[in-house]
Amino acid sequence: MLATTIFAQEKEKVSLKEILNTLENTFNIKFSFSEEVVNSKSMFLKKNDKELLSKLLSEIELKTGLEIKKISDRYYTVSEKLDKITICGYIYDAETKQVLTDATAITNTNKGVGTNSKGYFELKNLQAKDSITISFIGYTDIKKSVRDLPQGDCVKLFLQEDVNTLNEVIISSYLTNGVVKKNDGAITLIPRKQGVLPGLTEADVLLSTQQLPGIQSPIENASGIHIRGGTPDQNLILFDGIKLYNTSHFFGSISAFNPYVVDNVTVYKNASNAKYGNHIAGVIDIETMTDVPEKMSIGAGFNFTNADVNATIPIGKKLGVQFSFRRSISDLLDTPTFDKLSQKVFQNTAIADGETQAEEQPFIEDENNFSFIDFNTKVIYQLNDKNKISLQQIRIKNDLEYELNNEADNQSRFDFIDIQNEGYGITWNRDWNENLSQETGAHYTNYKLFYDGNKKRDNIIYDSTIKNNEIKEFTFSTIFNQKLNDISELNFGYQFTHSDISFSLEQENTDFPSSTTNKDKKINNQQTLLAEYVLSKSKKYNFNIGGRVSYMPLLKKTFLEPRVYGRVQVLPSFWLNASGEIKQQYTSKIIEFFTSDFGLENELWAISNGKDIPVLKSQQVTFGVLFEKKGWLLDTEAYYKKVDGLTSLSTGFDNTSGESIYNGNATILGVDVLAKKNWNKDISTWISYSFGESTLDSFGFNQGKSFKGNFNISNSLYVAQQIGFGNFDFSLGWTFRNGLPFSEVVNSELSEAQFEIQELKGFNQSSLPHFHRLDASATYEFYWNKKRNIKSKVGVSFINIYDRRNILRRTYEKTKDPVTSSKLINTVDTFSLGFTPNVVFRIQF
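Definitions and limits used
Residues numbered from 1 in each chain as written. Predicted model: local features only at pLDDT ≥ 70, side-chain atom pairs only at ≥ 80, totals over all residues. Heavy atoms only, no water. Helix = DSSP H or I, 4+ residues; strand = E, 2+ residues; numbered from the N terminus. Rg over C-alpha atoms; globule rule 2.2 N^0.38 Å. Buried < 20%, exposed > 50% of the residue type's maximum accessible area, 1.4 Å probe, protein only. Contact = heavy atoms within 4.5 Å. Areas by Shrake-Rupley, 256 points an atom, 1.4 Å probe, with all protein chains shown as cover. Lys, Arg positive; Asp, Glu negative; His and termini not counted. Charge placed at Lys NZ, Arg CZ, Asp CG, Glu CD. Phe/Tyr/Trp six-rings, centres within 6.5 Å; stacked < 30°, edge-to-face > 60°. pLDDT = per-residue confidence, 0-100. Pairing = 2+ DSSP bridges. Axes fitted to C-alpha atoms, helices over the stretch in contact; angles between N-to-C directions. Disulfide = S-S within 2.5 Å.

Caption draft 1: Local environment of the overall build of the chain. Looking only at helices and strands, one finds seven helices and 53 strands in the chain. Relative to the globule expectation of 28 Å for 845 residues, the C-alpha radius of gyration of the chain, 32 Å, shows essentially globular dimensions. Considering only C-alpha atoms, the chain reaches an extent of 120 × 60 × 45 Å along its principal axes. Considering the chain as a whole, with its 845 residues, one finds that 53% of them fall into the buried category. Sequence-distant contacts, at least 24 apart, represent 63% of the contacts inside the chain between residues at least 6 apart. Put simply, the chain shows about 38,100 Å² of open surface, and 53% of that area lies on carbon and sulfur atoms. For the chain, the separation between the mean place of its 93 positive charges and that of its 102 negative charges on side chains is 9 Å.

Caption draft 2: Up close: the packing of aromatic side chains. Evaluation of the coordinates by the stated rule reveals 28 aromatic pairs. On the numbers, 5.3 Å between centres and 25° between planes, the contact of Tyr92 with Phe158 is stacked. Of this pair, Tyr92 sits in strand β6 (residues 85-93) while Phe158 sits in strand β12 (residues 155-159), placing them 66 residues apart in sequence. Residue Phe158 is classed as partly exposed on the basis of its relative accessible area, which comes to 36%.

Caption draft 3: Just unusual backbone geometry, in detail. You will see that Phe251, though not glycine, has its phi angle at about 55°, which is positive. As for its position among the elements, Phe251 is in the loop between β20 (248-249) and β21 (254-255).

Caption draft 4: Here's a closer look at the confidence of the model for the chain. In this model, the chain carries an average pLDDT of 89, and 93% of its residues clear a pLDDT of 70 or more. A low-confidence stretch, residues 1-5 stays under pLDDT 50, and its non-local contacts, those more than four residues away or across chains, total twelve contacts. Predicted confidence for residues 654-658 stays below pLDDT 50, and this span has nine contacts to residues more than four positions away or in other chains.

Caption draft 5: Summary view of the sheet that holds strand β5 (residues 75-80). Pairing within the open sheet is mixed, and its three strands lie in the order β2-β5-β4. Every other strand in the sheet has two partners, leaving β2 (30-33) and β4 (66-70) as the edge strands with one partner each. Within this sheet the neighbouring strands show an average axis-to-axis angle of 25°, counted without direction. When β2 meets β5, the two strands line up parallel, connected through four bridges. Bridged to Lys30 within β5 is Tyr75. Packed onto the sheet, helix α1 (residues 16-27) meets β2, β4 and β5 and runs at close to 150° relative to β2. Of the strands in this sheet, β2, β4 and β5 are in contact with helix α3 (residues 53-64), which crosses β4 at around 150°.

Caption draft 6: Summary view of the pairing of strand β37 (residues 587-591). Counting buried positions along β37 yields five of five residues, so the element is predominantly enclosed. Across the two faces of β37 the burial is the same, with Thr587, Lys589 and Ile591 and Ser588 and Ile590 all buried.

Caption draft 7: Just the state of the cysteines, in detail. Scanning all chains against the criterion turns up one disulfide. Residue Cys88 pairs covalently with Cys154 via a disulfide, S to S 1.9 Å. Given an S-S torsion of about -95°, the disulfide between Cys88 and Cys154 has left-handed geometry. Taken as a pair, Cys88 in strand β6 and Cys154 in the loop between β11 (142-145) and β12 lie far apart in primary sequence, 66 residues in all. For Cys88, a relative accessible area of 15% gives the class buried.

This is how it looks when you write it as structure tokens:
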């Protein structure tokens, strides 16, 4: 009979070596085995098997995967099976105990599978000497030897969040899965893990950020991101360290980034890291793969606006390549999504007027050709344990060609616009020792906007406009990270930025003989020293104290930019945070009137000249509270922001200010609130509310009185529901906000000398009707085979389900009555998207 110690605790495992020793003593037998084979094995034994040796040996074989051979009545050998082995298991989050879908289980022979919606995986035809690595984005890998895993039962494996990630993250599911809030106040989106959001079939990088409280798009497009009262040109957007000046396709409608190659998107609404400069609003830092991939992955898909293909390929253990290519399909297929986007984009432009004329008059024809592409590449070479080099590249290109022909009077119009942004970079990461690391990078970006428009009569050009805007920018940076102890570190470094920005505007008309040219070119070589001290202890407290000192030789000025962020846990589920910062920006967009007749892209990038285009400066302080317990989340932040250096050239006062240029400042006061409840692992609800008042002052008009900013949204409410059901994901979201302010005209018929500021009934004192819309999305994921190595997704989304005709903006234009020739002011309203469906299909190998 076996010793009773083996069965003393039925629920505890006993080492195989101990069991074998006990069997030897009990049955007077001998086992021959290798210590390597036996030492790592342990198992449960059933009490009712204790008196029969053959049953015990069979149980040991079944549960350990080993083979026991009888040599004689007394001698037995214990060895690994030469037969093929099957291993199955379930993967869970160690903290939340939720299953991890799409985690990977890969062997040392590169045989791999992904987990399903239940976290299950299965690997067949393995050998005992093989090993299995379990991995998931943001978690620490687990490596197990096949000989150490049970073969009779499926194993349960629990992954811990990566040490670095764990120390950085305070909220692991902020809006939905794949959206986390970090200790320093930043919010990171992980597109591959991100749940489906209302109105989106895919995790669109820029549109997803607009789901966050405090981030809005008043004119309803992807790149029109307003962060806490800031304008889109006041944001800093980086792609693998490359600064981008154009981030969208189709004039702001679609993000220019393929979410299927993006690892994470870090968003700062305040107190950004000291390494980020030349911005006064928010930061959106987009990053693709950061390490050499372990296995190859190829994906392709399409929606109703574009098609794409991407691949991540390991070349040995030290080299990896990733690339992505997307292209519009509007020239190949007419879709309802693109039609709706076109109606919104081209309204109130020469293209919309031409299309109307072509529909109404048989002798007028028009042709509109638009296309876009984007592609990016990344190469990572891991030289050794201490050195890694990566190369980055991105290209974004949009082309529009429009032609209108009037055969009745032999007149024609031609418009061509090309917008592109390409960038290149190289980064070297060096670990000098376990406490000191360095990141050095050099990046180049080139932005170009070219417009050529002309009008012909009898094939002779009588009116022409040419516009060029180009940015050539090179940046070099080297930043050190010195770990002082387990809870503190010091970051310090140097940055150099060479900015060469030029624009030229040329306009000529032979009917009313005139020729106008406006050119500008400026170069700035800015040098910056930066430092930041970080004190952080998991979720208990976090303090970031840093700053930047920059010298701008163009204006011969030095700028100091201190930044402070602090968060402390005052109760087990309750935190307080506060921040303060001063920032500066020497690049901004200004309005030009040369292409107002065309109606698209009438803005230019320019460098501050210290006069009519001042350096932008901002000061911001925030205070917030955070609560999380039992699936409930409440995050509230109040902020005060002061911006100096604004100009009427960049704030949209072209309706009323004439040719005069005014400078002033803005005061922004607001509160952002997010309340969320996770009812269970599949159902969550969240409500976000933002209050904000943007007041402009000292612009020299409006009788010296302050007034609301053109994009001021006083109240904004968003309610969303997300439901998961097996392989299905559903989401529904409703948006409600105040309409934008506008200036009401006193009368619409004026004399030649009128149409000045005095003719307005107060500047921005009226408001458009409330904006609201309902959006929904649904996706379904499935595998094509039992091996689970081919995965697909189909989805559908609906924007503005009840087809509300929202007015986004109201402006005015001066015209003449064709009969009386009297001067009139026409109201020009810009409307939102109507009901807009979209579909997606993807396949992943």
